[in-house]
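Geometric and topological summary
Residues per chain, in single letters:
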Amino acid sequence: MPWLPRQVDHFTAIADRLLSVQIEHGAALDVIERWDRPHVLLYVDPPYPHETRPRSKNLYKFEMGQAEHVQLLERLRVFTGMVIVSSYPNALYQSALREWRMETRADHAEAQRETIEAIWINPVCDIALKVAAAQTDLLEQAEMSEFSETPMELLTVDSLLK
């Protein structure tokens, strides 16, 4: 099988990346409570609210009603670390997470029906992403400045928060 060695290399890279990742299976509120720390990033992909689906059929083994979505969102809003939540755009999430940054993109769901997917990024995660981007920019500028007489512009975290 000529493709196998190349595939193994991909698996090795994936395994290396996942060494510091914790994947949990359990009641969402229990997992969130257990991992509520400033350095933790939660990616939360709950069952999408029924009103966002083309057909109101149950698609998931474990469904969530409106009250459970409200409870989840209330808990995520006070999480001390970084949070990214995915769903289809909907009034409940847009209202509950109005202080969070929302990003959308076109996608294809069941039967290749075009949909809009959304993620909400909490302020802690948004700041961390901006800091990481600024650090990357600084490193790239530092590499470029080795070959240039132009002094590097200093970026600070404070300037990103303004």
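Computed from a predicted model, the values in this text were never measured in an experiment.

Turning our attention to the sheet that holds strand S3 (residues 101-108). Read across the sheet, 4 strands follow the order S1-S2-S4-S3 without closing on themselves; strand pairing throughout is mixed. Strand pairing shows two members of the sheet lacking a second neighbour, strand S1 (41-44) and S3, which therefore form its edges. The sheet shows a mean angle of 15° between the axes of neighbouring strands, taken without regard to direction. Bridge count for S3 against strand S4 (residues 114-121) is 8 bridges, and the pairing is antiparallel. Note on S4: the bridge partner recorded for Arg101 is Ile121.

Another point: the layout of surface pockets. To find leftover empty space, a probe the size of one water molecule is rolled over the atoms. In this structure, the largest pocket encloses a volume near 1200 Å³. Surrounding the largest pocket, 30 residues form its lining, Glu24, Ala28, Val31, Tyr43 and Val44 being those nearest its centre. Secondary structure elements with two or more residues in the lining of the largest pocket: helix H2 (28-34), S1 and helix H3 (66-77). Of the residues contributing to the lining of the largest pocket, the split by class is 19 nonpolar, 5 polar and 6 charged.

By the definition in use, this model includes 9 salt bridges. One salt bridge in this structure joins Glu33 and Arg75, with 3.1 Å as the shortest N-O distance. Pair noted here: Glu33 is in helix H2 and Arg75 is in helix H3, with a separation of 42 residues, a long-range link. Across the pair Glu99 and Arg77 runs a salt bridge whose closest N-O atoms are separated by 3.4 Å. Taken together, the residues span a long stretch of sequence, with Glu99 in the loop between helix H4 (91-96) and S3 and Arg77 in helix H3 at a distance of 22 residues. For Glu99, a relative accessible area of 47% corresponds to the partly exposed category. One salt-bridge network, held together by shared partners, links Arg101, Glu103, Asp126 and Lys130.

Arg75 gets classed as buried once you look at its relative accessible area, which sits at 14%. Separated by 3.1 Å, the side chains of Arg75 and Glu33 make a polar contact. With sequence-adjacent residues up to four places away left out, Arg75 is seen in contact with Leu29, Ile32, Glu33 and Asp36.

Moving on: the packing of aromatic side chains. For the structure shown, the criterion picks out 2 aromatic pairs. Summarising the aromatic geometry, the rings of Tyr48 and Tyr88 are spaced 4.6 Å apart at their centres and angled 75° between planes, so their arrangement reads as edge-to-face. Placement of the pair is Tyr48 in the loop between S1 and H3 and Tyr88 in the loop between strand S2 (82-87) and H4, with a sequence separation of 40 residues. Just as Tyr48 is buried, Tyr88 falls in that class too. Considering the side-chain rings of Tyr93 and Trp120, the 5.4 Å spacing of their centres and the 50° angle between planes classify their relative orientation as tilted.

Thresholds, definitions, all that
Residues numbered from 1 in each chain as written. Predicted model: local features only at pLDDT ≥ 70, side-chain atom pairs only at ≥ 80, totals over all residues. Heavy atoms only, no water. Pairing = 2+ DSSP bridges. Helix = DSSP H or I, 4+ residues; strand = E, 2+ residues; numbered from the N terminus. Axes fitted to C-alpha atoms, helices over the stretch in contact; angles between N-to-C directions. 1 Å grid on protein atoms, 1.4 Å probe; cavity = no way out; pocket = protein on both sides within 12 Å on 5 of 7 lines; lining within 4 Å. Points joined across faces, edges and corners; volume = space filled by probe spheres on them. Nonpolar A, V, L, I, M, F, W, Y, C, P; charged D, E, K, R; others polar. Salt bridge = Lys/Arg side-chain N within 4 Å of Asp/Glu carboxyl O. Buried < 20%, exposed > 50% of the residue type's maximum accessible area, 1.4 Å probe, protein only. Polar contact = N/O pair within 3.5 Å; in protein donor to acceptor, adjacent residues only side chain to side chain. Contact = heavy atoms within 4.5 Å. Phe/Tyr/Trp six-rings, centres within 6.5 Å; stacked < 30°, edge-to-face > 60°.

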